[in-house]
Amino acid sequence: MNESWKKRTKLVHGGIRRSQYKEVSEAIFLTQGFVYDSAEQAEARFQKAGEDEFIYARYGNPTMAMFEDRIAGYLGYEDAFACASGMAAVNAALTALLKAGDHVVASRALFGSCLYVLQDILGRFGVDITLVDGTDNAAWAAAIGPDTTLVFLESISNPTLEVIDLKHVCDLAHANDALVLVDDAMATPVFSYAKACGADISIISTTKHVDGQGRMLGGVICGPKDLIRGPIETYAKHTGGAMNPFTAWTHLKALETMELRVRAQAAAAQQIAEDLSGHTKLTAVRYPTHEDHPQHALARRQAPAGGTVLTFEVKGGKDACFRVLNALEVVTISNNFADAKSIATHPATTTHQRLPQDQKDILGISDGLVRFSVGLEDPDDLIADLKQALERA
Ligand SMILES: *Cc1c(COP(=O)(O)O)cnc(C)c1O
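Residues numbered from 1 in each chain as written. Predicted model: local features only at pLDDT ≥ 70, side-chain atom pairs only at ≥ 80, totals over all residues. Heavy atoms only, no water.

The test is simple: UniProt positions are given in the numbering used here, feature names are shortened, and annotations may be inferred rather than shown by experiment.
Under the annotation held in an unreviewed UniProt entry, the protein chain carries the name O-succinylhomoserine sulfhydrylase and is attributed to Thalassovita gelatinovora. Within the UniProt record for the protein chain, the comment given under Cofactor (unreviewed entry) is "pyridoxal 5'-phosphate". UniProt, in its Sequence similarities (unreviewed entry) section for the protein chain, records the words "Belongs to the trans-sulfuration enzymes family."

This is the structure:
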């Protein structure tokens, strides 16, 4: 890839490996294995496989390699390893880099499955975990110390859209020789500021904005070559979490349009937040870069847009909230986000149902809270749909 290309050009041309047929659109290599010219070549490849030498699809594949190069180049990282899902990526990165006795500091507003990997699995193997309020700079400073090995956080939290001062956390971690791993799903790859703030590794659930069309599960770990092609690849290739070639191929095609899609969705999210702000049936509207958000100044300093998700809180609790959700006509009720179709989620009874009430209270997951993922419909239709549904509250 030409490093001088602008980011959008990298999204279209990055990482291309053309076969002998010189196809225009990227080829999909649906193969488990690869043929060697000789026994000697097989022996040499198992000793050390070069850049474009493949052995087995669990280790890597030309379609997967195109995707890895394209997304790493786009985000400004040296390398990437593509995984079967966002959680396969989170699990591979954390498990590959941690050992018994290590100390991890993480934000408490973590995606539930990430919390499970950290606390229930890695905790069981002797990793010590401290959870902090991610919005509290002093809490990070108090928790991160010389014994800290790794810091893990969501740049923007799901579902409450808390914004973390990433530069502050990265500086603290690096002063203590700790690695910073950012779960960057909500920030979106288009507006990601993890690398610019000093994060060592970005983990992206490509299920979200990379696919962007509600089809594929995928994830990717982006970071420095020595970690990606060292402990992370070794762990991932032996434990079977690699992305399959068909997913990598759909992701390559989806990356071509990702900036256009995500910029349109983010602009619509900002417009909808502005339009709903102060609505008589709502107690709060939150979008990171909208002025009603308590951290909007920080969010704006870190990125030009706050992603494609906003939240609002319906007055009258669960019953009123369900009446609104059930009255939606354009927007669908589901639990994913970053689809071309707009999606409304009631976190308290679905994605965060199992969280104890005191935890919900701490994180702000109230009975009236709706997470709204803005799709690619005309924003005027979405605003009209939300407003007619809010009349039922
Ligand atoms: C969706 C998501 C994940 C998990 O990704 P999958 O692709 O569903 O495995 C992890 N972290 C965050 C913040 C997410 O939103």
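Quick notes on empty space enclosed by the protein
How we decide: In this analysis, the protein atoms alone were mapped onto a 1 Å grid. Cavities are point sets where a 1.4 Å probe fits without being able to get out; pockets are open sets with protein on both sides within 12 Å along at least five of seven lines; lining residues have an atom within 4 Å of a point. Grid points are joined across faces, edges and corners, and a volume is the space filled by probe spheres set on the points. Only Asp, Glu, Lys and Arg are considered charged, only Ala, Val, Leu, Ile, Met, Phe, Trp, Tyr, Cys and Pro nonpolar, and every remaining residue, Gly among them, polar. Residue ranges for the domains originate in an automatic or database domain assignment.
Within the structure shown, the criterion is met by 1 cavity of 30 Å³ or more. Its volume calculated, the largest cavity comes out at about 50 Å³. Here the lining of the largest cavity is built from residues that sort into 9 nonpolar, 2 polar and no charged. Among the domains, domain 1 (7-254) and domain 2 (259-390) are the pair contributing at least three residues each to the lining of the largest cavity.

Some thoughts on the site of the ligand
Formally: Only a single heavy atom is needed: when it lies within 4 Å of a molecule or strand, its residue is near that molecule or strand. Pairs of N or O atoms within 3.5 Å make up the polar contacts considered here, provided that, within protein, one atom can donate a hydrogen while the other can accept it, and that residues adjacent in sequence are counted only when both atoms are side-chain atoms. In short, Shrake-Rupley with a 1.4 Å probe defines the accessible areas, and a residue's cover is counted only from the protein chains shown.
Contacts to the ligand come from 13 residues, most closely from Gly86, Asp183, Ser205, Thr207 and Lys208. Backbone polar atom of Gly86 to an oxygen atom of the ligand: 2.8 Å apart, as the coordinates give it. One nitrogen or oxygen atom from the side chain of Asp183 is found 2.7 Å from a nitrogen atom belonging to the ligand. Against a free-state accessible area of 380 Å², the protein chains account for coverage of 90% of the ligand. For the shell around the ligand, the residue count by class is 4 nonpolar, 6 polar and 3 charged.

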